[in-house]
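Single-letter residue listing:
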Amino acid sequence: MATTRSRFREYFHTEYQPGEQKLVRKIDFFIMTFCCLSYFTNYLDRSNLSNAYVSGMKEDLGFEGNQLNVINTCFTVGYVIGQIPANLSLHYIKPRYFFPSCMVVWAGLTMVTASVHKPQSIMAIRFFQGLSEATTFVGTHYILGSWYTERELGKRSGIFTASGLAGTMIGGFIQTGIHSSLNGKNGLEGWRWLFIIDGLITLPVALYGFIFFPDTPSTTQAFYLTESEKALAVSRVPPIEDRSPVSWRFFKKSFSSWFFWGFVILWIIAGETESFSTNTLLALYMKSHPTNKYAVSQLNNYPSGVPAVGIISTLFWATLTDFLNGKRYLVGYFIGITGVVTSAMILVASKDPTNPASTSIVFGAYYWAGAVYACQATFFAYCNDALRYDEPMFRAIVLASMNVGSNAVNSWWSIIFYGASMAPWFTKGMWAMIAVSILLAIWTAILSYTTAKHEKMRKAELAQASGVADHKIIADYA
């Protein structure tokens, strides 16, 4: 009991170097505010498509079959193509120019969506929107890993991820307000106003980034950091030589590394455990409910509970794994259990679809499934922790490749298992979820064993090197 109390005291009362606490407060304010607002508007722009779909866009544009899923796939293809080039670009273009420029592009594309008259136009727009949004998630995780220590990283990754979920959650309420107040104004349907307003919200955040984002510790020219604070920021992270990534040596090392494939496969599997939420299955279930007819406000507001659960779960697991000295792998087991149980609940409910209890079970399952979002913050922090002593651009390309692999699989996975025409029960998708949930628990166990073994070897080599250095000093003194 005394040990637990001492760990709590140690966790909440971190010892800092002189001036370090002030530095952390500064980078928390300027990095976290921009990154969180950027991700918030990013997810607001993404989630508005589903909100618009259930708010009249489907009927106005004459959607047929799985065209909504095809649009999501077009976005995913652009997103996948842009991931690695975007993260490698951070070696050549300062993040405070690159991130905001991408935001301006996707804000413009979001507003252009308000003018479309057929689903095929949205397919083209979403492809280029995916390209422009490619750097937001993985690029930010690279930046967080560059500034924060292992002890600080989990909470910041959790807050960042939660901000995106907040965009998803609030998007439904925004659409409800727009539909009730602006539907028909100036001859535009409410769902068209949603795209216009979401795009306008993004632009001030981009301007903020141009002015205040501090780049990385080794390249920062932020006016609010003193020279001593810049030097302190560099000293807080391992001194790794940052070579140019455009070389045969770099790509050979990257694609032959166990950690590259270990973390890429981890996120491919984990990404599919988010399928209930990312494919907005609760909204599609409500839209195609066998007995109930839901109002537009209900279709937008009720699914907001899913990201709300995701926010709580993300912050809980990010904080807990920091407290447990970086045991990020524990989330993999929790998600495995969640995926199996929630899928089973929906399969059982589908056997008696007209029973009111069936509806309650499905709502409960989809809300609980929102907890799976916790894997985003913790698994990317897990990768940042494991690769802290490797070249920064190797870490950047692994983080980007994790998302590339996941989205490449998701581009066809969602069509096969979670097409809109499969609503309300998505039976094939439920069995697919059970399979990937079990696979995630197995892969998590394999990866946690290998990363722990690698960390022990690294510490042993460090201790040996330190011992040799001490021995040399004593010999020279003698």
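Treat the numbers as computed from the prediction; the structure is a model and nothing was measured.

S.K.: Is there a simple way to explain helix H3 (residues 67-89) in this structure?
M.R.: Since there are 3.6 residues in each turn of an α-helix, residues three or four apart along the chain are aligned in direction. Over its 23 residues, H3 runs 33 Å from end to end, which matches the ideal 33 Å to within 8%, given 1.5 Å per residue. Considering bend angle alone, the principal kink of H3 is centred on Gln 83 and spans about 40°; proline Pro 85 follows within four residues of it.

S.K.: Even after reading the chapter, I still don't get the packing of helix H10 (residues 258-272) against helix H18 (residues 392-418), so can you show me in this structure?
M.R.: When two helices pack together, their arrangement is captured by the angle between the axes and the distance separating the axes. In contact at an axis separation of 8 Å, H10 and H18 are set at 40° when each is read in the N-to-C sense. Considered as vectors, H10 and H18 are oriented oblique to each other. Judged by the twist between their axes, the crossing of H10 over H18 is right-handed. Residue-level inspection shows Phe 259, Phe 260, Phe 263, Val 264, Trp 267, Ile 268, Gly 271 and Glu 272 of H10 in contact with H18, the latter providing Ile 397, Val 398, Ser 401, Met 402, Asn 403, Gly 405, Ser 406, Val 409, Asn 410 and Trp 413.

S.K.: Even after reading the chapter, I still don't get a nonpolar patch on the surface, so can you show me in this structure?
M.R.: Side chains of Trp 258, Ile 438, Leu 439, Ile 442 and Ile 446 sit close together on the surface and give an oily, nonpolar patch of about 430 Å² of accessible area. With four residues, helix H19 (residues 427-477) is the largest single contributor of residues to the nonpolar patch. Tracing the chain through its elements places Ile 438 in helix H19. When its relative accessible area of 46% is taken as the criterion, Ile 438 is described as partly exposed.

S.K.: When you look at the pattern of salt bridges in this model, what are you seeing that I'm missing?
M.R.: Close approach of charged atoms allows side chains of opposite charge to pair. A full pass over the atoms with the stated rule returns 14 salt bridges. It is possible to trace a salt-bridge network through shared partners that takes in Lys 155, Asp 322, Arg 328, Asp 385 and Arg 388.

S.K.: What is the right way to read the packing of aromatic side chains from this model?
M.R.: One pair of aromatic rings is described through two measures. These are the centre distance and the angle between the planes. Scanning the model with the defined rule gives 39 aromatic pairs in all. Ring centres of Phe 75 and Tyr 79 lie 5.6 Å apart, and the angle between their planes is 20°; this geometry places the pair in the stacked category. With Phe 75 and Tyr 79 both in helix H3 and four residues apart, this pair spans about one turn of that helix. An identical accessibility class is assigned to Phe 75 and Tyr 79; each is buried. Look at Phe 363 and Tyr 367: their rings are 6.1 Å apart centre to centre, the planes differ by 65°, and that puts the pair in the edge-to-face class. In this pair, Phe 363 and Tyr 367 both sit in helix H16 (residues 356-369), four residues apart, roughly one turn of the helix.

S.K.: How should unusual backbone geometry be read in this particular structure?
M.R.: Note on backbone geometry: most residues besides glycine have negative phi, and most peptide bonds are trans. Cis geometry is adopted by the peptide bond preceding Pro 424, which originates at Ala 423 and carries an omega value of 10°. With respect to the secondary-structure elements, Pro 424 resides in the loop between H18 and H19. In this model, Asp 215 sits at a positive phi of 65°, which is unusual for a non-glycine residue. Structurally, Asp 215 can be placed in the loop between helix H7 (190-212) and helix H8 (227-235). With phi around 60°, Asn 325 is a residue other than glycine that occupies positive phi space. Mapping Asn 325 onto the fold places it in the loop between helix H14 (305-323) and helix H15 (330-349).

S.K.: I keep staring at the side chain of Asn 279 and nothing clicks. Help me out?
M.R.: Tracing the sequence through the fold places Asn 279 in the loop between helix H11 (275-278) and helix H12 (281-287). Relative accessible area serves as the criterion here: at 9%, Asn 279 is assigned to the buried category. There is a polar contact of 3.0 Å between the side chain of Asn 279 and the backbone oxygen of Ser 275. Excluding residues within four positions of it along the chain, Asn 279 makes contact with Asn 69, Leu 284, Ser 414 and Tyr 418.

S.K.: Looking at this structure, I do not really get the nonpolar core. What am I missing?
M.R.: Side chains that are nonpolar tend, in soluble globular proteins, to be buried together. Counting residues in each nonpolar core, the largest one holds 124 residues, and the members touching the most others are Met 57, Phe 263 and Tyr 366. No other element matches the 16 residues that helix H2 (residues 20-61) contributes to this core. With sequence-adjacent residues up to four places away left out, Tyr 366 is seen in contact with Phe 276, Leu 281, Leu 282, Tyr 285, Val 306, Ile 346, Phe 426 and Met 430. Counting seven residues, the second-largest nonpolar core is a separate cluster that includes Phe 40, Leu 44, Leu 165 and Tyr 373.

S.K.: Quick question: what am I supposed to make of the confidence of the model for the protein chain here?
M.R.: Predicted coordinates in regions of low pLDDT should not be interpreted in detail. Mean pLDDT over the protein chain stands at 87; residues scoring 70 or higher make up 92%. The low-confidence segment residues 469-478 (pLDDT under 50) makes zero contacts with residues lying over four places distant or belonging to another chain.

S.K.: Before we go on, may I ask you to explain the side chain of Arg 328 in this structure?
M.R.: Tracing the backbone through its elements, the reader meets Arg 328 in the loop between H14 and H15. A distance of 3.5 Å separates a polar atom in the side chain of Arg 328 from the backbone oxygen of Glu 150. Within polar-contact distance, the side chain of Arg 328 engages the side chain of Asp 322 at 2.8 Å. Those residues in contact with Arg 328 that lie beyond four places of it in its chain are Glu 150, Gly 154, Ala 318, Thr 321, Asp 322, Thr 378, Phe 379, Ala 381, Tyr 382 and Asp 385.

S.K.: Would you take a moment to explain the environment of Val 436 for this structure?
M.R.: Locating Val 436 in the fold gives a position in helix H19. Judged by relative accessible area, which is 9%, Val 436 ranks as buried. Sequence separation between Val 436 and Gly 271 is 165 residues; the distance between their C-alpha atoms is 9.5 Å. Discounting chain neighbours no more than four positions away, the residues touching Val 436 are Ile 269, Glu 272, Thr 273 and Trp 413.

S.K.: Looking at this structure, how should I read the environment of Gly 158?
M.R.: Topologically, Gly 158 is positioned in helix H6 (residues 150-182). Here Gly 158 is in contact with Thr 314, Leu 315, Ala 318 and Ala 377, once residues within four sequence places are set aside.

So, how was this worked out
- Residues numbered from 1 in each chain as written.
- Predicted model: local features only at pLDDT ≥ 70, side-chain atom pairs only at ≥ 80, totals over all residues.
- Heavy atoms only, no water.
- Helix = DSSP H or I, 4+ residues; strand = E, 2+ residues; numbered from the N terminus.
- Expected span 1.5 Å × (residues − 1).
- Bend = angle between axes of the 7 residues up to and from the residue.
- Axes fitted to C-alpha atoms, helices over the stretch in contact; angles between N-to-C directions.
- Parallel < 35°, antiparallel > 145°, perpendicular 65-115°, else oblique.
- Left-handed = near helix turned anticlockwise from the far one by under 90°.
- Contact = heavy atoms within 4.5 Å.
- Patch = residues over 30% accessible without salt bridge, like charges linked within 9 Å, V, L, I, M, F, W, Y side chains within 5 Å.
- Areas by Shrake-Rupley, 256 points an atom, 1.4 Å probe, with all protein chains shown as cover.
- Salt bridge = Lys/Arg side-chain N within 4 Å of Asp/Glu carboxyl O.
- Buried < 20%, exposed > 50% of the residue type's maximum accessible area, 1.4 Å probe, protein only.
- Phe/Tyr/Trp six-rings, centres within 6.5 Å; stacked < 30°, edge-to-face > 60°.
- Polar contact = N/O pair within 3.5 Å; in protein donor to acceptor, adjacent residues only side chain to side chain.
- Core = buried A, V, L, I, M, F, W, Y, C linked by side-chain atoms within 4.5 Å.
- pLDDT = per-residue confidence, 0-100.

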